[in-house]
Amino acid sequence: MALPAGEGVVSYNAAISRCARAGLYARALALFREMRGRGLRADEYTLPPLLNSAALMRGPPPAAVAALHALLLHAGLALHLHVANALVDAYARLPRAGCAAAAAARAVFDEMPRRDVVTWTSLLTGLARAGAHAAAVRAYHGMVAAGVQPDEFAVAAVLSSCAGSTMLDVGRSVHATAVRLGLGPFRSVGNSLVSMYAKTGALRDARAVFDAMPARCTITWTALIVGYAQNGRGRRSLEVYADMVRSGCRPDYVTFIGLLFACSHAGLVDAGRAHFRSMVADYGIAPGPDHYACMVDLLGRAGRLDEAMDLLNRSSTELDATVWKSLLGACRVHRNAELAERAAEMVWRLDPTDAVPYVMLSNLYSRARRWGDVARIRALMKARGVTKEPGCSWVGVNGVTHLFHVEDRGHPRAAEIYRKVEEMTERIRGEGYVPDTDWALQDEAPEGRQRGLAYHSERLAVAFGLLAVPAAAPIRVFKNLRVCGDCHTAIKMVAKVYGREIILRDANCFHHMKGGECSCGDYW
DNA sequence: ATAGGGTTAG
């Protein structure tokens, strides 16, 4: 690994850069140590690939980036734009370091005397990576306000955050800006537009962008396949896949996740099995945990829990928590408490603080009216100090997001909204709606349970949508968790009775509700 | 010789 004696800084820089590009991060850092041992000083070409390596290294000593930071301050390289940009990016990339690293990235960013589009994009993607999509969108606006013109990298990144935070209106305006700046022809921009429109439920726009793209790649096709699947149009996903293959574009690992996801959501069991086999046989792609998770969904949906278990037992890859959570979901639908307990154990073995299994088990027992077991799960959750994310729903009207929690009275129009909820309940009762109180929390009195159901966050958001969204437009509601079964039934009926299209996107999938039907086919 | 992006997805 050593370079011949007598090599200079330029040779080391080139070697370090090659290692970093090839993903040999530890080796890049080792070369740097060797270089310093020979009395050579790092310059502005040495540091960017080093910072990159330090941030991306597997199981990194978290101090590596900070140590390089100290070193570059000493070397007087802090004001070099490429170096500072790499530093912002490195801090923003540190895995699991969370707030501290984000704050460090921000601090470096704030102290830079000059920032270009790369600086802003590094900050933006760092925020997006941490799941702070709304903050990423704010960073984009900050960049524009600072007079820095977005390029195709920045636009692609912010569109991805628009999708992540379901900001369709902002996404549309970024789209317009991109076209104005002449960025429309970039494939990355088209790809992120297709995905953004699909993820915010605007399928027609996704398709229009796709059709207008001058050139497509695997990512483009995959985005559309996933887009249709997420919106309950799994059969259409399969048609798109057929077109993709016909066009000569090769599907990859991600494409098959989307394709299996589509089969699962559309209940196409045979097609799913066939594509799973084809992935290996025709494309030589080894199935990963994501593919197994899709297959478990698919088989679970068909009630074939045994076949799902069989597939998992024969798998050659290491299975992760998502697989066991899929199995839990299937158990939830088929009310198989025994297998669910085993799946929950598998999740907890990997992460005992994951709230999902507790909630799923609790709901499952609740539906089975096994209150003792519900109490046991809750006690376990409490003892282990696990808290679940509070459920909330939101709806965007005229660019303003209105957020609701359960029994939330904080909205300025709360009185009106609650009257609307009462009216909704009355009108759907007339259509035969009966509250399914098994979905309510069990520690409430029966009448309290019904009341609690009526004021779930998704109902409040729909009621507000009925009040505030023009009659011709669909009501787009988003929920951070899975929609409750009773709300699903109720909102479907609301869509019918009020003659409205309601698009509810929950943590798992889209629900396009119209005329009493839902695109999810009542399986989610 | 150096810095940032787009497709999974819970």
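The rules behind the values
Each chain has its residues counted from 1, running along the sequence as written. Think of it this way: whatever chain is written first is A, whatever ligand is written first is 1, and the rest follow in order. Note on the predicted model: pLDDT of at least 70 is required for a residue's local features to be given, and 80 or more for side-chain atom pairs to be given and counted; whole-chain, interface and lining totals, by contrast, use all residues. In computing side-chain values, all of the structure's heavy atoms are included and hydrogens and water are not. Each helix is a run of H or I in the DSSP string that is no shorter than four residues. Each strand is a run of E no shorter than two, and both are numbered from the N terminus. What a helix is expected to span follows from its residue count: subtract one and scale by 1.5 Å. Remark: exposure states derive from per-residue accessible area (1.4 Å probe, protein chains only) relative to the maximum for the residue type, with buried under 20%, exposed over 50%, and partly exposed in between. Polar contacts, as used here, are pairs of N or O atoms within 3.5 Å; protein pairs need one atom able to donate a hydrogen and one able to accept it. Residues neighboring in sequence count only if both atoms are side-chain atoms. We define a salt bridge as a side-chain nitrogen of Lys or Arg found within 4 Å of a carboxyl oxygen belonging to Asp or Glu. Strands qualify as paired when DSSP identifies two bridges or more between them. In what follows, a contact means two residues having at least one pair of non-hydrogen atoms within 4.5 Å. Angular values range over 0 to 180 degrees, each being the angle between N-to-C directions of two axes fitted as lines to C-alpha atoms, with helices fitted over their stretch in contact. The near set for a molecule or strand comprises every residue that places at least one heavy atom within 4 Å of it. Residue type decides the class: Asp, Glu, Lys and Arg count as charged, Ala, Val, Leu, Ile, Met, Phe, Trp, Tyr, Cys and Pro as nonpolar, and the leftover types, Gly among them, as polar. Here the word oblique covers every angle except those under 35 degrees (roughly parallel), over 145 (roughly antiparallel) and from 65 to 115 (roughly perpendicular). Crossing handedness is defined as follows: a turn of the near helix away from the far one that is anticlockwise and smaller than a right angle gives a left-handed crossing, while the clockwise case is right-handed. The handedness rule is simple: strands pointing away from the viewer, and a clockwise path from the first strand over the helix to the second, make the crossover right-handed. For the purposes of this section, nonpolar cores are sets of buried Ala, Val, Leu, Ile, Met, Phe, Trp, Tyr and Cys residues that join through side-chain atoms within 4.5 Å. UniProt positions are given in the numbering used here, feature names are shortened, and annotations may be inferred rather than shown by experiment.

Examining helix 15 (residues 253-266)
Helical geometry: 3.6 residues make up each α-helical turn, so side chains three or four residues apart lie on a common side.
Okay, so step 1: When the terminal C-alpha atoms of helix 15 are compared, their 20 Å separation across 14 residues agrees well with the 20 Å that a helix rising 1.5 Å per residue should span.
Okay, so step 2: Counting buried residues in helix 15 gives 10 out of 14 residues, a clear majority hidden from the surface.
Okay, so step 3: Taken together, the buried positions of helix 15 are T255, F256, G258, L259, L260, F261, A262, C263, S264 and H265.
Okay, so step 4: Its side-chain oxygen at 3.0 Å from the backbone nitrogen of V254, D252 defines the N-terminal cap of helix 15.
Okay, so step 5: Once helix 15 finishes, G267 follows within two positions and takes phi at roughly 70°, a positive value.

Notes on the pattern of salt bridges
Okay, so step 1: Within this structure, the stated rule accounts for 22 salt bridges.
Okay, so step 2: D373 is the partner of R376 in a salt bridge, and the nearest nitrogen-oxygen pair spans 3.1 Å. With R376 and D373 both in helix 22 (residues 371-383) and 3 residues apart, this pair spans about one turn of that helix.
Okay, so step 3: R376 gets classed as partly exposed once you look at its relative accessible area, which sits at 38%.
Okay, so step 4: Between E423 and K420 there is a salt bridge, with the nearest N and O atoms lying 3.3 Å from each other. Here E423 and its partner K420 are both found in helix 23 (residues 414-429), 3 residues apart, which amounts to about one turn of the helix.

Re the sheet that holds strand 2 (residues 400-405)
Okay, so step 1: Pairing in this open sheet of 6 strands is mixed, and the strands run 2-1-3-4-5-6 from one edge to the other. The two strands at the open ends of the sheet, each matched to only one other strand, are strand 2 and strand 6 (517-518).
Okay, so step 2: Where strand 3 (residues 475-479) and strand 4 (residues 502-505) come together, 4 bridges link them in parallel fashion. Paired with R476 across the strands is I503, a residue of strand 4.
Okay, so step 3: Together, strand 1 (392-397), strand 2, strand 3 and strand 4 form the strand contacts of helix 25 (residues 457-468), whose direction differs from that of strand 1 by roughly 15°.

Concerning unusual backbone geometry
Okay, so step 1: The backbone of T166 sits at a positive phi, close to 55°, despite the residue not being glycine.
Okay, so step 2: Residue E407 is not a glycine yet carries a positive backbone phi of 50°.

Some details on the protein's contact with DNA strand B
Okay, so step 1: Around DNA strand B, a shell composed of 40 residues is seen, among which R21, N85, D151, S188 and K199 lie nearest.
Okay, so step 2: Considering the 4 Å shell around the protein, atoms of DNA strand B inside it are sugar or phosphate in 45% of instances.
Okay, so step 3: R21 places a polar side-chain atom, nitrogen or oxygen, 2.4 Å from a phosphate oxygen of DNA strand B.
Okay, so step 4: Measuring from a phosphate oxygen of DNA strand B, one finds a side-chain N or O atom of R129 at 3.2 Å.
Okay, so step 5: Looking at the surface near DNA strand B, the elements with two or more residues in it are helix 1 (9-21), helix 3 (47-56), helix 5 (81-93), helix 7 (117-129), helix 9 (152-164), helix 11 (187-199), helix 13 (218-230) and helix 15.
Okay, so step 6: Considering only residue class, the surface near DNA strand B consists of 14 nonpolar, 15 polar and 11 charged.

What about the packing of helix 21 (residues 355-367) against helix 22?
Okay, so step 1: The interhelical angle for the contact between helix 21 and helix 22, taken along N-to-C directions, is 165°, at an axis separation of 8 Å. With respect to their mutual orientation, helix 21 and helix 22 come out roughly antiparallel. The handedness of the crossing between helix 21 and helix 22 comes out as left-handed. Across the interface between the two elements, A355, Y358, L361, S362, Y365 and S366 of helix 21 pack against W371, D373, V374, R376, I377, R378, L380 and M381 of helix 22.
Okay, so step 2: The residue makeup of the contact of helix 21 with helix 22, split by class, is 9 nonpolar, 2 polar and 3 charged.

A closer look at the pairing of strand 3
Working note: regular strand, side chains alternate between the two faces of the sheet.
Okay, so step 1: Counting buried residues along strand 3, 4 of its 5 residues qualify, which places the element largely inside the surrounding structure.
Okay, so step 2: Where strand 1 lies against strand 3, 3 bridges are found, and the strand directions are antiparallel. Among the inter-strand pairings, S393 is bridged to a residue of strand 3, identified as K479.
Okay, so step 3: Between the parallel pair strand 3 and strand 4, the chain is carried across by helix 26 (residues 485-497), and the sense of this crossover is right-handed.

Describing the side chain of T46
Okay, so step 1: Tracing the sequence through the fold places T46 in the loop between helix 2 (25-37) and helix 3.
Okay, so step 2: By relative accessible area, which is 0% here, T46 ends up buried.
Okay, so step 3: Side-chain polar atoms of T46 contact the side chain of N13, separated by 2.7 Å.

Side note on the nonpolar core
Okay, so step 1: Grouped together as the largest cluster of nonpolar side chains are 137 residues, with contacts concentrated most on V65 and L327.
Okay, so step 2: Apart from the residues within four sequence positions on either side, V65 is in contact with L51, A54, A55, L87, A90, Y91 and L94.
Okay, so step 3: M424, V469, V477 and C509 belong to the second largest nonpolar core, which has 37 residues in total.

Points about the UniProt feature "repeat: PPR" (unreviewed entry) in chain A
Okay, so step 1: Per the UniProt annotation, the sites labelled "repeat: PPR" (unreviewed entry) are residues 8-42, 116-150 and 217-251.
Okay, so step 2: In this annotation, residues 8-42 is assigned 74% helix and 0% strand; the end-to-end C-alpha distance for the span is 11 Å.
Okay, so step 3: The span residues 116-150 is 74% helical and 0% strand by assignment, and the distance between its end C-alpha atoms comes to 10 Å.

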